[in-house]
Amino acid sequence: QQELKGKDFLTLADYTKDEIEYLIDLADYLKKQQKDRVIFEPLKGKTLGMIFEKSSTRTRVSFETGIYQLGGLGIFLSSKDIQIGRGESIADTAKVLSGYLDGIMIRTFAQEDVEELAKHASIPVINGLTDLYHPCQVLADLQTIKEVKGKLQGEKLVYIGDGNNMTHSLMIGASLTGMHMVAVTPDGYTPNKEVLTKAKSIADQHGAIIDWTTDVETAVQGADVLYTDVWASMGQEEEQQQREKDFENYQVNERLLEKAKTDAIFMHCLPAHRGEEVTTGVIDGKQSVVFQQAENRLHAQKALMTALMTD
Ligand code: CP
Ligand code: NVA
């Protein structure tokens, strides 16, 4: 048992290895209860506000369904429809919402905005994706890798593509759990240097290895997990054509998957662009666990809400 009540979830770097492992175990437990149709409602009478400044399928539906299954209520707040979209400050929004809700999930652009919200809110704030991080996704990813591979320590995860929010949260998650992660990106699309330095220093404490390279062929050797994400993230739509050229040699395809371990799995946070960052054969092939991974968003976030929003 870890005491996480009232804590924010802005980045995995604010959590210890034990706390992450606790959340993964709780997610497994809640998944089993869900499959056994056991009713468990620790969030009865509690409400989560969900602010979205970007689109979402998985994050929105898994949080909303998750809190409902836990006995509480989720309120979808499009930033276009609340006063934040007309210039009300983040600080005022945080103080007002703290008087009504028991938690806030926010998906937006700047990590600083999520930090500002958390600073002025008296209730837990959960980062549902920023340009810098996507910690909820990685919590579910770690649960999935552990579920399939039996452990996290020593597993080799090779991320191929853009050095983006997914790369950053994967580097922090992998460093905390003793994994060996290599981020492979083209020049000009490297991961954030501060995050890489932070991940490496966390890695040193947990027997993890975090590396960055441009060399796909060497990196994938011995990989247990191949992971990719879209080449143009939300907010980068106008760079799509340029990125298609720059990432041409960074596609996860059958030829690349063959160079990993024979029992390697393929992961993607979704949504995916078949024929770009991954071929149809790989994402729909038998080594792909993308839908198990997507389902685990529900269980991992139920664990997160239970830990942060109840005694
Ligand atoms: N993976 C993920 O966060 O998906 P959505 O953008 O659909 O929420
Ligand atoms: N990197 C992607 C992840 C989507 C879940 C984006 O930010 O659009």
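Everything here concerns the structure above.
Residues numbered from 1 in each chain as written. Chains lettered and ligands numbered in written order. Predicted model: local features only at pLDDT ≥ 70, side-chain atom pairs only at ≥ 80, totals over all residues.

A.B. asks: I tried to follow the site of ligand 1 on my own but got confused; where do I start?
C.D. replies: If you check the shell around ligand 1, you find Ser56, Thr57, Arg58, Thr59, Leu129, Gln137, Cys269, Leu270 and Pro271 and nothing else. Split by residue class, the shell around ligand 1 holds four nonpolar, four polar and one charged. Residues from two domains meet in the shell around ligand 1; each of domain 1 (12–133 + 297–309) and domain 2 (137–293) gives at least three. (Near = placed C-beta within 6 Å. Nonpolar A, V, L, I, M, F, W, Y, C, P; charged D, E, K, R; others polar. Domains from an automatic or database assignment.)

A.B. asks: For this particular structure, what's the right way to read the packing of helix H3 (residues 90–98) against helix H4 (residues 111–120)?
C.D. replies: For any two helices packed against each other, the geometry is given by the interaxial angle and the distance between the axes. Relative to each other, H3 and H4 sit at 45°, their axes nearing to 8 Å. With respect to their mutual orientation, H3 and H4 come out oblique. Considering how the two elements wind past one another, H3 and H4 form a crossing that is right-handed. Here Ile90, Ala91, Ala94 and Lys95 of H3 come into contact with H4, specifically with Asp113, Glu116, Leu117 and His120. Of the residues belonging to the contact of H3 with H4, the class tally is four nonpolar, one polar and three charged. (Axes fitted to C-alpha atoms, helices over the stretch in contact; angles between N-to-C directions. Helix = DSSP H or I, 4+ residues; strand = E, 2+ residues; numbered from the N terminus. Parallel < 35°, antiparallel > 145°, perpendicular 65-115°, else oblique. Left-handed = near helix turned anticlockwise from the far one by under 90°. Contact = placed C-beta atoms within 7 Å.)

A.B. asks: Just checking my understanding: could you explain helix H12 (residues 290–309) for this structure?
C.D. replies: Helical geometry: 3.6 residues make up each α-helical turn, so side chains three or four residues apart lie on a common side. With 20 residues, H12 should reach 28 Å at 1.5 Å per residue; the first-to-last C-alpha distance of 28 Å fits that figure. Maximum bend of H12: about 30°, positioned at Asn296. With 16 of its 20 residues buried, H12 lies for the most part within the structure. (Expected span 1.5 Å × (residues − 1). Bend = angle between axes of the 7 residues up to and from the residue. Buried ≥ 20, exposed ≤ 12 C-beta atoms within 10 Å, placed from the backbone.)

A.B. asks: How should I be thinking about the pairing of strand E1 (residues 47–52) in this particular structure?
C.D. replies: Burial analysis of E1 places five of its six residues in the buried class, which makes it a mostly covered element. As paired strands, E1 and strand E2 (residues 73–78) are joined by six bridges and run parallel to one another. Considered in E2, the bridge of Phe52 is made with Ser78. Bridge count between E1 and strand E3 (residues 103–107): five bridges; the pairing is parallel. Opposite Met50, over in E3, you have Met105 as the bridge partner. (Pairing = 2+ DSSP bridges.)

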